[in-house]
Amino acid sequence: MAKELVIYFSVYGTAKIVAQEIARQTGADIREIVPEVAYDGDQENYPALFKLSQKEYENNVRPKIKNELPIADYDRIYIGYPMWYKTFPMIMYTLFEQYDFAGKTIIPFNTYIASGDGGTYQTIRELAPKATVLTGLPVEMYDAEDGAADVVSKWLLALNEVLHETALTDFEGGDVH
């Protein structure tokens, strides 16, 4: 049985809500990606956060991660984040540059207002080419705020079918992971 971890980055709490629900329903361990310099979590200051995220994106900034994440100890890793400036926060690039995801199964999820996953699942495939990256779960921000139990449950049910089929294919092909 795969050892599972949920890691997430969240400023306004929506990605955290989804992360906690995934951890609750799967029994996975959970860790927050904590930036060295905290972002303003007051939604009233959203215009300032938007400008900062745009500046980080345009300048290709890599915000530092304050805490260590036990990536090496897990086989299957759910990775969550909000969408910022039509992509994921630049701290996610730091994550993929700082940690080795080779041989891991990555299952992304994100919260958004208008951009779905914004192509970030493909970006993760490019940043972690030696990992298996499954199709993720985009959750509209307001749906996350209302509680994510139903949407996470339906997604995990479909995901378990994919994981089961992958395991059977691997077994039939002679590779047992």
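Just so you know, these numbers come straight off a predicted model, no measurement behind them.

Colleague: I would appreciate a short explanation of the pattern of salt bridges in the present structure.
Modeller: When their charged atoms lie close together, side chains carrying opposite charge are able to pair. Under the defined criterion, the tally for this structure stands at 3 salt bridges. One salt bridge connects Arg-76 with Glu-4, and the closest N-O pair in it is separated by 2.8 Å. Of this pair, Arg-76 sits in strand S3 (residues 76-82) while Glu-4 sits in strand S1 (residues 4-8); the two residues are 72 residues apart in sequence, bridging distant segments of the chain. Under the relative-accessibility criterion, Arg-76 is labelled buried at 19%. In this structure, Arg-24 engages Glu-21 in a salt bridge whose closest nitrogen and oxygen atoms are separated by 2.5 Å. Residue Arg-24 and its partner Glu-21 are both found in helix H1 (residues 14-26); the two are separated by 3 residues, about one turn of the helix. Overall, the relative accessible area of 58% leaves Arg-24 in the exposed class. We classify Glu-21 as buried; its relative accessible area is 13%.

Colleague: Can you walk me through empty space enclosed by the protein in this structure?
Modeller: Over the atoms, a rolled probe matching the size of one water molecule traces out where space is still vacant. On inspection of all chains with the given rule, the structure shows 1 cavity of 30 Å³ or more. Considered as a void within the structure, the largest cavity measures approximately 40 Å³ in volume. Lining the largest cavity are Ser-53, Glu-56, Tyr-57, Trp-84, Tyr-85, Thr-87, Phe-88, Pro-89 and Met-90. Its residues assigned to classes, the lining of the largest cavity shows 6 nonpolar, 2 polar and 1 charged.

Parameters at a glance
Residues numbered from 1 in each chain as written. Predicted model: local features only at pLDDT ≥ 70, side-chain atom pairs only at ≥ 80, totals over all residues. Heavy atoms only, no water. Salt bridge = Lys/Arg side-chain N within 4 Å of Asp/Glu carboxyl O. Helix = DSSP H or I, 4+ residues; strand = E, 2+ residues; numbered from the N terminus. Buried < 20%, exposed > 50% of the residue type's maximum accessible area, 1.4 Å probe, protein only. 1 Å grid on protein atoms, 1.4 Å probe; cavity = no way out; pocket = protein on both sides within 12 Å on 5 of 7 lines; lining within 4 Å. Points joined across faces, edges and corners; volume = space filled by probe spheres on them. Nonpolar A, V, L, I, M, F, W, Y, C, P; charged D, E, K, R; others polar.

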